[in-house]
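# Topology and contacts: notes
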Amino acid sequence: MEEKAVVFDIYGTMVDINTDEESDLFWQRFAKYTKRYHKFDWQELKKLYKKYVDELLLKDEEIEIIDAFKKMFNADTKQIKK
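Scope of this entry: the structure provided in the associated data block.

Parameters at a glance
- Residues numbered from 1 in each chain as written.
- Predicted model: local features only at pLDDT ≥ 70, side-chain atom pairs only at ≥ 80, totals over all residues.
- Heavy atoms only, no water.
- Helix = DSSP H or I, 4+ residues; strand = E, 2+ residues; numbered from the N terminus.
- Contact = heavy atoms within 4.5 Å.
- Areas by Shrake-Rupley, 256 points an atom, 1.4 Å probe, with all protein chains shown as cover.
- Expected span 1.5 Å × (residues − 1).
- Buried < 20%, exposed > 50% of the residue type's maximum accessible area, 1.4 Å probe, protein only.
- Arc of directions from axis to C-beta.
- Polar contact = N/O pair within 3.5 Å; in protein donor to acceptor, adjacent residues only side chain to side chain.
- Axes fitted to C-alpha atoms, helices over the stretch in contact; angles between N-to-C directions.
- Parallel < 35°, antiparallel > 145°, perpendicular 65-115°, else oblique.
- Nonpolar A, V, L, I, M, F, W, Y, C, P; charged D, E, K, R; others polar.

Here we take up the overall build of the chain. For the chain, the count of helices and strands is 3 helices and 0 strands. Put simply, the chain runs from its N terminus to its C terminus through helices and strands in the order α-α-α. When contacts within the chain are restricted to residue pairs at least 6 apart in sequence, long-range pairs at least 24 apart make up 27% of them. Just so you have it, the chain exposes about 7,700 Å², and 52% of that area is on carbon and sulfur atoms.

Quick look at the structure:
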């Protein structure tokens, strides 16, 4: 009989996922995905993201990235899904 296993890592100690925030392709795709909420050109979206993240980092070294997205899309907590 063949055994199978499933690994679940709730705290992120086994798997670390990194997003390349400098990738133009990422920002192009993200702008395309979010165009129904706001029609940002991908370069503008990237600049706004950096601006809001930098503002948050001035206040605290650990930030909730969702706060940057709230500012970017002028959204309230009810509109943002985690």
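This is not the end of the story, as more comes after the structure.
This part covers helix H2 (residues 42–59). The end-to-end C-alpha distance of H2 is 26 Å, a good match for the 26 Å that 18 residues give at a rise of 1.5 Å each. Among all positions in H2, only Leu45, Leu48, Tyr49, Tyr52, Val53 and Leu56 are buried. Projected down its long axis, H2 shows its buried positions confined to an angular sector of 125 degrees, all on one face. Exposed side of H2, more than 90 degrees from the buried face: Lys47 and Leu58 are the residues found there. Contacts made by the buried residues of H2 are with helix H1 (24–34) and helix H3 (65–72). Between the side-chain oxygen at the start of H2 and the backbone nitrogen of Gln43 there is a gap of 2.9 Å, and the oxygen is on Asp41.

Our focus in this paragraph is the packing of H1 against H2. H2 packs onto H1 with a crossing angle of 100 degrees between their chain directions and a minimal axis gap of 8 Å. Judged on the interaxial angle alone, H2 and H1 are roughly perpendicular. Seen from H1, the contacting residues are Asp24, Trp27, Gln28, Phe30, Ala31 and Thr34; seen from H2, they are Trp42, Leu45, Lys46 and Tyr49. Class assignment for the residues of the contact of H1 with H2 results in 6 nonpolar, 2 polar and 2 charged.

All right, on to H3 then. Every buried residue of H3 is accounted for by Ile66, Ala68 and Met72. For H3, the angular spread of buried residues about the axis comes to 155 degrees, placing them on one side. If you follow the buried residues of H3, they end up packed against H1 and H2. A positive phi of about 50 degrees marks Asn74, the residue just after H3.

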